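Chain residues, written in single-letter form:
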Amino acid sequence: MPGIKLQKYLGKAPRIAPELLPDAAAQVATNVKLYSGDLIPYPQPVVVGNHGLTGVAPGTLHALYDPATNDPVWLAWSSDVDIATPAGTDNVDEQRFYYTGDGAPKVSTYALATTGAAPYPVDYYDLGLPLPTQTPTTAAAAFTTKTTASYARDAGGEVTLVTSTDHGLKSGAFVTISGFTSVSGTYAQSGTTITVTITGHNLAVGSKVFLRFTSGTSQSNVYTVVTTPTANTFTVTATTSTTTSGNVDWDISNLNASSIKITVIDNTTFSYSSPGFQVTTTTSSAGRVDLAGDTQARTSLYTWFTPWDEESIGSEPSEALFIKEGQTVTVSDLPTARPSGKNFIRGIRLYRTLSTVSDTEYLRLATLWFPVEVTDVTGTTVTTTEPHNLSLGSFFKISTGVAGGEVTEVIDDFTFTYTGGTGSGGTGGTLYHDVSENPGTSTPRYWGDGSYDFTDDFSVTSLLNALVTDDYDPPPAGLKGLTLFNNNILVGFVGNELYFSEPGAYHAWPLAYKYEVPYNIVGLAVFYGNLLVATESYPYLVSGNDPAVLSLTRIDAPYPCLNKRSIANTSFGVMYATHDGLALYSTGTGAQLATRLLYNSDTWNADLDPSTLIATSYKDTYLAWHSAGGISFERDERVGGFFVDLVTDEQPEATWYDPLTNRLYYATGTLGDVYLWDDLTQASQPYEWKSKVIVTDNPINIGAAQVDADYTATSPVWDSIEDTWGTSTIQWDIDGGITFKLWVDGDLVVTQSLDSRRVFRLPSGYKSDTFEVGVSGSVRLRAIRIAETPTGLRDI
C-alpha cells in the first residue's frame, strides 16, 4: 500500500464520527493555529500591563490611548459593561466613550476617566440631561410713542425716519407712522409755470407732489417738480395758463404708514417702504411712531446646555405676556449655576415665542454661559478653570480688568488669546460672555455680571433657530447593551424594549424611538448596516437610518441567545452561543447554525458550558473562553468550520481587541494583570493534534514515519526501538521538538520524541486497518508521513 501524508490540517468536528472526518480533520486540536494549513502553536500569553482593579475578577476590559505615548491606558470593570465610541473629531480628540452596565448610562473622556490613580475610569458624566426645574418670569416695558426729528425719501420710495430720542426698535418690528399732514407755503403762477415757496422743502427734480391751493385760482393736483431754483422754492407745470398767487399746502401724508415693517439703521434712525415724493433729509417734528401689529401672547423658556452641544428638554414656559412685537421684555428667574449631579451643563439656552407664530413654537434668543473662574491672564493669554466656551471672534469681560476683549485664538477648552479691550488682567477673576444681540458693540451685556436677568429686545429677524429638543428624554436608567448603529445612532435595551438615541445626539433618547419585541433581549450586534437583536427566543433584524422609521423583522430561526458575552461580530457574520452550537447571522446566508455539522446538542453541552462563553473576534476567528477552557472557531466551506481547544494557565475573563494595532488583550484573576494574546515574540505554547481514525483497505503494518517540522533542538535522533508488538515509549524532553504518537485499533502503541525530520521506524509484528496519528510540540509542523516501510515514504 502507498503511504499516507497528513497535511493542510484542520480542527475538530465532534459531531462527526472519527472515521468519517475529512482527511485532515482532527479528533483533538489544542492550542494550534490552522489558517496556513500547517500546525502553528500559539505563543505564550505575556503580561503587558495592569488595570488596577484588584481583589475582584474583571468583567470588562477596555483601553484608551495616552496622548503623549499612544500606549494603552487600561479601564476595567467588575461587571459586564458595553462601550460605544462614536466617530467625529471631538469624540476622537477627547477619546469620548459612552457605556452602560455600570449603574445608569454614562459618558466619559480620557481626561475624566484617568483623573487620579487607577483603577480607571475615575470620573464621568451621566448620559442624558436633567429636566429644568425653574420657571422663568417675564415683564414687558410699555412702548412710548416717539416723535420724529426728520424724514427723507429716495427715488425708490424708501423713507428714512429719524426720531428725536432713542426709538428702542429692532429690525423686523411693525410700526404705525402718523402725524404727517401738510407743509404750508405760498405760490405764484405765471402762464403754466407755478413757483412754490416752502422753506427747506428739500425736494428733488422729478418728485411727484400733491399741492392743495387754498387761495388764488390754481388747480389742486399732483404735480411733478421741474426745477428747484433755490433751497426754498421749486417749480411745477400747470395744465392751463393763468396768472395768480396765494397760499398752498404740500401734502406729506403719504409718509404715514400702518403696520409697516422697519429696518433699523441706528438707535434713532430706521427705514421703511412708502412710495411718494423724493426728498432729502427734511426737519420735521410732526411725525409720531407707535408699535403696530396684533397683540400676541409671548412666553419664554430655557434649556440646559453643555460644551458638547447637548441640549435638554425645555423648562416650563413663563406666564404669557400679551404684547406687540417691539416691546422690550425682561426675563428673570433664570438659573445662575448648573444643576447638581454628574453632568457637563455649563449654561442655558433661552427661547421665546414670536408674535407671528403659534406659542408652541420657540425660537432661540441666545446661549447664556455661566461665568467661569479665571486662573491666569499672562499678556493676552487667558486660562480658565472650566471650559471657557468661547470661539474665534467672541467678546468677553474679566472682572479683574479686561473688558471688551475679542478672542483671536482658541488654544484649547481652557485657554485662549485675545486682542483689544480695556485694562489688563492678572491672576484670578471671573470671565463673563457678551450676550448682546451684536457682541463687540458699544453696548455690551455681560450675563451674570451683577444680574442674571436677560433683556429681550432682539430683532425678530435674527431669531432663526427653533427649539427641537421637546422630546429629548434621557436614556432609561437600566439601559444596557449599548451599541453604535447606523447614522451615529446609539441603541440599547431594557427587558424586551429597544431604545434608540437621536442621530448624533447621544444624550437624547426620545420615547417615540422605543420598539418592542415579544421576548427579552439578550444582546445586540451591528453587521453590514443591520442590527441583530438576539433574544431568549427568535432573533430580530433592525434596518434603517432614521430611528423614527426603522424596520423591525423577526428572523424565523429558533436560535435563542444563551449568553450576551458570547456574541461576537466576526468577518463572516454575527455569532453567539445557542443550545445546539454557535448561531450565525450574515447578510449573505441569513440565519444558520454554523456548527450544525460539527456539534449536536449532546456533544456541544458536553464539551463546554455555553452560558459562560466570553467571546471576541480576532483575525477571522471566533475566540471564546468558558468555565473549563477555550475554543477557536474558523470557517470552512466543507463542513462549515472547525474548532480548536484553547488551554492557558491564565483563563481570560475579559477581552479587548485593539483595532489600531490588531492586538488582542485579556484580563483575568484578581491581581489586575493584562495579558497580550498571540505575541509572536514570546515562546510557543505546547499544542496537541490527533488525526481522524485512518481506515485502510487491508490490514497492514505501519513500520516507518517521518514528521516535517521547524526543529530547533540539537539532541541526537533515535537509534533503536523495541521492534515488538506492544507499547514502546521513548520520551525525550527536547526544546523545539515534536512528540509523535501512534494508535492501532484504539490502543496507544508508540510515543516518541523527535528533533529532526529523519525517517524513524515503528513497531512491527502486527497488522491492522485502523490507525490514528497524534503529535504534540511547540514548533511549526508541516507534514506527517507514515508507510509500511521507509522506502514507502519516498512516494508520498
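Data block above holds the structure.
None of these values were measured; they are calculated from a predicted model.

Student: Honestly, the pattern of salt bridges in this entry has me stumped. Any pointers?
Tutor: Two side chains bearing opposite charge may form a pair once their charged atoms approach each other closely. Across all of its chains, the model carries 26 salt bridges by this definition. For the salt bridge of Lys692 with Asp23, the shortest nitrogen-to-oxygen distance reads 3.7 Å. Of this pair, Lys692 sits in the loop between strand E58 (687-691) and strand E59 (694-700) while Asp23 sits in the loop between strand E1 (4-6) and strand E2 (26-30), placing them 669 residues apart in sequence. Put simply, Lys397 and Asp449 hold a salt bridge, and the shortest N to O gap is 2.4 Å. Taken together, the residues Lys397 in strand E34 (residues 395-398) and Asp449 in the loop between strand E37 (430-433) and strand E38 (454-456) connect sequence positions 52 residues apart. What you see here is one network of salt bridges that share partners, running through Asp38, Asp710, Arg780 and Arg782.

Student: In this structure, what is going on with the sheet that holds E38? I would like to understand it.
Tutor: Pairing between the strands of a sheet comes from backbone hydrogen bonds, and it takes one of two forms, parallel or antiparallel. The antiparallel open sheet is built from three strands, whose spatial order is E12-E29-E38. Edge strands, defined here as strands with exactly one partner in the open sheet, are strand E12 (137-140) and E38. Adjacent strand axes in the sheet meet at a mean angle of 25 degrees when their direction is disregarded. As defined by bridge partners, strand E29 (residues 329-332) adjoins E38 across three bridges and the pair is classed as antiparallel. Opposite Thr330, over in E38, you have Thr455 as the bridge partner.

Student: Would you take a moment to explain the environment of Thr147 for this structure?
Tutor: Within the secondary structure layout, Thr147 lies in strand E13 (residues 146-153). For Thr147, a relative accessible area of 27% translates into the label partly exposed. Residues Thr147 and Ala26, 121 residues apart in the sequence, show an inter-C-alpha distance of 101 Å. Residue contacts for Thr147: discarding those within four places in its chain leaves Thr163, Ser164, Ser285, Gly287 and Arg288.

Student: Could you clarify how one ought to interpret the sheet that holds strand E66 (residues 781-787) in this entry?
Tutor: The four strands lie next to each other as E1-E66-E60-E64, forming an open sheet whose pairing is antiparallel. Of all strands in the sheet, those with a lone pairing partner are E1 and strand E64 (760-761), marking the two edges. For strand E60 (residues 704-709) and E66, the ladder comprises six bridges, and the chain directions are antiparallel. Bridging from a neighbouring strand, Gln706 pairs with Arg785 of E66.

Student: Before we go on, may I ask you to explain the nonpolar core in this structure?
Tutor: Within soluble globular proteins, side chains that are nonpolar generally end up buried alongside one another. One finds Phe740, Leu781 and Ile784 to be the most contacted residues of the largest nonpolar core, which totals 45 residues. By size, the runner-up hydrophobic cluster in this structure holds 34 residues, among which are Leu161, Ile198, Ile252 and Ala257.

Student: What should I look at first to understand the side chain of Thr244 in this one?
Tutor: Along the polypeptide, Thr244 turns up in strand E20 (residues 233-251). Residue classification places Thr244 among the buried residues on the basis of a relative accessible area of 14%. For Thr244, the side chain forms a polar contact with the main-chain nitrogen of Thr217, separated by 3.1 Å. Aside from chain neighbours lying at most four places away, what touches Thr244 is Tyr187, Ala188, Gln189, Gly216, Thr217 and Ser218.

Student: Explanation requested: the pairing of strand E55 (residues 654-658) in the structure shown.
Tutor: Within a regular strand, side chains alternate between the sheet's two faces. Burial analysis of E55 places four of its five residues in the buried class, the great majority of the element. Pairing geometry for E55 and strand E56 (residues 663-667), over five bridges, is antiparallel. From the neighbouring strand, Ala654 faces E56, where its bridge partner is Ala667. Counting the residues between successive antiparallel strands, the hairpin from E55 to E56 contains four residues, one of them, Asn662, with a positive phi of roughly 60 degrees.

Student: What is the right way to read the packing of aromatic side chains from this model?
Tutor: Within a pair of aromatic rings, the relevant descriptors are the distance that separates the centres and the angle that separates the planes. Tallying each qualifying case throughout the model produces 39 aromatic pairs. Relative to Tyr418, the ring of Phe396 lies with its centre 5.4 Å away and its plane at 85 degrees, an arrangement referred to as edge-to-face. A residue pair is termed long-range when its members are at least 10 positions apart, and Phe396 in strand E34 and Tyr418 in strand E36 (residues 415-422) qualify at 22 residues. Of the two residues, Phe396 and Tyr418, both sit in the buried class. Here Arg153 stacks its cationic end above the ring of Phe277, 4.2 Å away from the centre of that ring. Here the guanidinium or amino end of Arg349 rests over the ring plane of Phe305, the centre of that ring lying 3.8 Å away.

Student: What is the right way to look at the environment of Ser627 in this model?
Tutor: Along the chain, Ser627 falls in the loop between strand E52 (621-626) and strand E53 (629-636). In this structure Ser627 comes out as exposed when scored by relative accessible area, which is 57%. Sequence separation between Ser627 and Asp609 is 18 residues, and the spatial gap between their C-alpha atoms is 6.7 Å. Apart from the residues lying within four places of it in its own chain, the contact partners of Ser627 are Asp609 and Thr612.

Student: It is not clear to me how unusual backbone geometry should be interpreted in this structure. Could you clarify?
Tutor: Negative phi is the rule for most residues except glycine; trans is the rule for most peptide bonds. A cis amide bond links Ala118 with the next residue in sequence, Pro119, at an omega value of 10 degrees. One can find Pro119 in the loop between helix H2 (110-113) and strand E11 (125-126). With an omega dihedral of 5 degrees, the bond running from Tyr120 to Pro121 counts as a cis peptide bond. Of note in this structure, Asn488 is not a glycine but carries a positive phi near 55 degrees. Summarising the element assignment, Asn488 is placed in the loop between strand E39 (480-485) and strand E40 (489-494). Given the relative accessible area of 30%, Asn488 is considered partly exposed. Even without a glycine there, the phi angle at Asn662 is positive, about 60 degrees. Among the structural elements, Asn662 can be located in the loop between E55 and E56.

Cut-offs applied
Residues numbered from 1 in each chain as written. Predicted model: local features only at pLDDT ≥ 70, side-chain atom pairs only at ≥ 80, totals over all residues. Heavy atoms only, no water. Salt bridge = Lys/Arg side-chain N within 4 Å of Asp/Glu carboxyl O. Helix = DSSP H or I, 4+ residues; strand = E, 2+ residues; numbered from the N terminus. Pairing = 2+ DSSP bridges. Axes fitted to C-alpha atoms, helices over the stretch in contact; angles between N-to-C directions. Buried < 20%, exposed > 50% of the residue type's maximum accessible area, 1.4 Å probe, protein only. Contact = heavy atoms within 4.5 Å. Core = buried A, V, L, I, M, F, W, Y, C linked by side-chain atoms within 4.5 Å. Polar contact = N/O pair within 3.5 Å; in protein donor to acceptor, adjacent residues only side chain to side chain. Phe/Tyr/Trp six-rings, centres within 6.5 Å; stacked < 30°, edge-to-face > 60°. Lys NZ or Arg CZ within 6 Å of the ring centre and 35° of its normal.

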